[in-house]
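For reference, the chains in residue letters:
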Amino acid sequence: MSNKTPTIEFYDRLEEAFSYYNEHLFEGKLSPVFFTVRSGETKDKSTTTLGYYWKKVFAHKDNPISEIALNINAFAERSLLDILSTLVHEMAHQWREEISTEPSSDHNKDGGHDDIWANKMMQVGLIPSNTGIPGGRKTGKKMTHYIDENGKFSEASKNLIKSGFYFNIFDSYGSQINKGNSFVKISPTNTLIEKKWLDEEKDEETQEKLKKALNLMANDPNIVQVDITELSVPVKKKKPREKKFKFICPNCKTTISGPENFNAICLNCEELYELKK
């Protein structure tokens, strides 16, 4: 059993994955980043964001530090391969900002998902796609990707996962309140790669490591689930939108909206507004 605290253990694994991909996919050229793990809302207040890169957002005594954030709400519903692909997606943004000097007219317009970034993604083995499947746009404002089965990322990730690497913490609370209304779309292309890995692996011990890492974490019987009724954080329920009715001044005919039993007086005519038929 590890003597490390859960925080140190989790962030050590993030650092390990970053260093591994930096060496194998980016020639070790990327500078260290500050990792943040977001639960629920992310930088743009959207739970649909799986991760983001933010250039030099943190102050440091020596130099400003860039951020890579991952949305831990999604960890419970994604395989390790998908989570790691999001990390490398953001590292490609970092490469675009730090290393690449090629000009691009649409870099800022498309939120960093320009042609230079797209070419780097394909070089490291992730295919940009606005749909997450083959045939989608490769550049644009909102982009995701799918994994190239024969690419560098796939090969590097297989070796990393076979070594025993995995994440052991995810947001059980988030996974349960999102159940039935998930914002996470599992790429069918990525799932086929994972299945092929398991089918091709003959060594039983290595196959078990792959299964442990690739299975959806929320379905892992070895992980203790959290009963959300015991948590101090209340589950927010959306209030149904109240139906609005139109009311009209019988004199000047101005209209206003309000609930069915709304009482208001027209300031111009001092007449009581009437429910419009």
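Procedures and definitions
Residues numbered from 1 in each chain as written. Predicted model: local features only at pLDDT ≥ 70, side-chain atom pairs only at ≥ 80, totals over all residues. Heavy atoms only, no water. 1 Å grid on protein atoms, 1.4 Å probe; cavity = no way out; pocket = protein on both sides within 12 Å on 5 of 7 lines; lining within 4 Å. Points joined across faces, edges and corners; volume = space filled by probe spheres on them. Helix = DSSP H or I, 4+ residues; strand = E, 2+ residues; numbered from the N terminus. Nonpolar A, V, L, I, M, F, W, Y, C, P; charged D, E, K, R; others polar. Pairing = 2+ DSSP bridges. Axes fitted to C-alpha atoms, helices over the stretch in contact; angles between N-to-C directions. Contact = heavy atoms within 4.5 Å. pLDDT = per-residue confidence, 0-100. Salt bridge = Lys/Arg side-chain N within 4 Å of Asp/Glu carboxyl O. Buried < 20%, exposed > 50% of the residue type's maximum accessible area, 1.4 Å probe, protein only. Phe/Tyr/Trp six-rings, centres within 6.5 Å; stacked < 30°, edge-to-face > 60°. Lys NZ or Arg CZ within 6 Å of the ring centre and 35° of its normal.

Student: Just checking my understanding: could you explain empty space enclosed by the protein for this structure?
Tutor: It is a probe the size of a water molecule, rolled over the atoms, that shows where empty space is left. Taken as a whole and assessed by the stated rule, the structure comprises 1 cavity of 30 Å³ or more. Its volume calculated, the largest cavity comes out at about 30 Å³. Taken together, Leu50, Leu70, Asn71, Ala74, Phe75, Arg78, Ile83 and Thr86 form the lining of the largest cavity. Elements with a minimum of two residues in the lining of the largest cavity: strand 3 (65–71) and helix 2 (80–98). Of the residues that constitute the lining of the largest cavity, the class distribution is 5 nonpolar, 2 polar and 1 charged.

Student: In this structure, what is going on with the sheet that holds strand 2 (residues 51–58)? I would like to understand it.
Tutor: Across the sheet, which stays open at both edges, the 3 strands sit in the order 1-3-2 with mixed pairing between neighbours. The strands lining the two open edges of the sheet, one partner per strand, are strand 1 (34–38) and strand 2. For this sheet, the mean angle separating the axes of adjacent strands, direction not counted, is 25°. The pairing of strand 2 with strand 3 spans 5 bridges and is classified as antiparallel. Counted as the bridge partner of Tyr52 is Ala69 from strand 3. Against the sheet, helix 1 (residues 6–25) touches strand 1 and strand 3, its axis set at about 125° to strand 1. Sheet strands in contact with helix 2 are strand 1, strand 2 and strand 3, and its direction is about 40° off that of strand 2.

Student: In this structure, what is going on with the confidence of the model for the protein chain? I would like to understand it.
Tutor: One rule of thumb: low pLDDT means the predicted coordinates there are not for detailed reading. Per-residue confidence for the protein chain gives a mean pLDDT of 79; residues scoring 70 or more make up 75%. Here residues 175–183 is a poorly scored stretch, pLDDT under 50, and it has 17 contacts once near neighbours within four places are set aside; other chains count. When the criterion is pLDDT under 50, residues 216–236 qualifies, and its contacts beyond four places in sequence or with other chains add up to 30 contacts.

Student: How should I be thinking about the pattern of salt bridges in this particular structure?
Tutor: Opposite charge on two side chains allows them to pair when their charged atoms are near. Within the structure shown, the criterion is met by 9 salt bridges. A salt bridge links Glu27 to Lys29, with the shortest nitrogen-to-oxygen separation between them at 3.1 Å. For Glu27, a relative accessible area of 63% gives the class exposed. We note a salt bridge from Glu201 to Lys162, for which the minimum N-O separation is 3.5 Å.

Student: What is the right way to look at the sheet that holds strand 7 (residues 255–258) in this model?
Tutor: The strands that make up a sheet are held in pairs by hydrogen bonds between backbone atoms, and each pair lies either parallel or antiparallel. Sheet architecture is open: 3 strands sit in the order 7-6-8, paired in antiparallel fashion. Because the sheet does not close on itself, it has two edges, and the strands there are strand 7 and strand 8 (274–275). Pairing analysis gives 2 bridges linking strand 6 (residues 245–248) to strand 8, with the strands arranged antiparallel. Its bridge partner lying in strand 8, Phe247 is registered against Leu275.

Student: Please explain the packing of aromatic side chains as it appears in this structure.
Tutor: One pair of aromatic rings is described through two measures. These are the centre distance and the angle between the planes. On inspection of all chains with the given rule, the structure shows 9 aromatic pairs. On the basis of an interplanar angle of 80° and a centroid distance of 5.8 Å, the ring pair of Phe18 and Phe35 is categorised as edge-to-face. Residue Phe18 is found in helix 1, and its partner Phe35 is found in strand 1; the two are separated by 17 residues along the sequence. Take Phe18 and Phe35: they sit in the same class, and that class is buried. Between Phe165 and Phe167, the ring centres sit 5.4 Å apart and the planes meet at 75°, which makes this aromatic pair edge-to-face. Owing to a relative accessible area of 3%, Phe167 belongs among the buried residues under this scheme. Ring pairing ties together the aromatic residues Phe10, Tyr11, Phe165 and Phe167, which thus form one cluster. Its guanidinium or amino end placed over the ring of Tyr166, Arg13 lies 4.8 Å from that ring's centre, counting from NZ or CZ.

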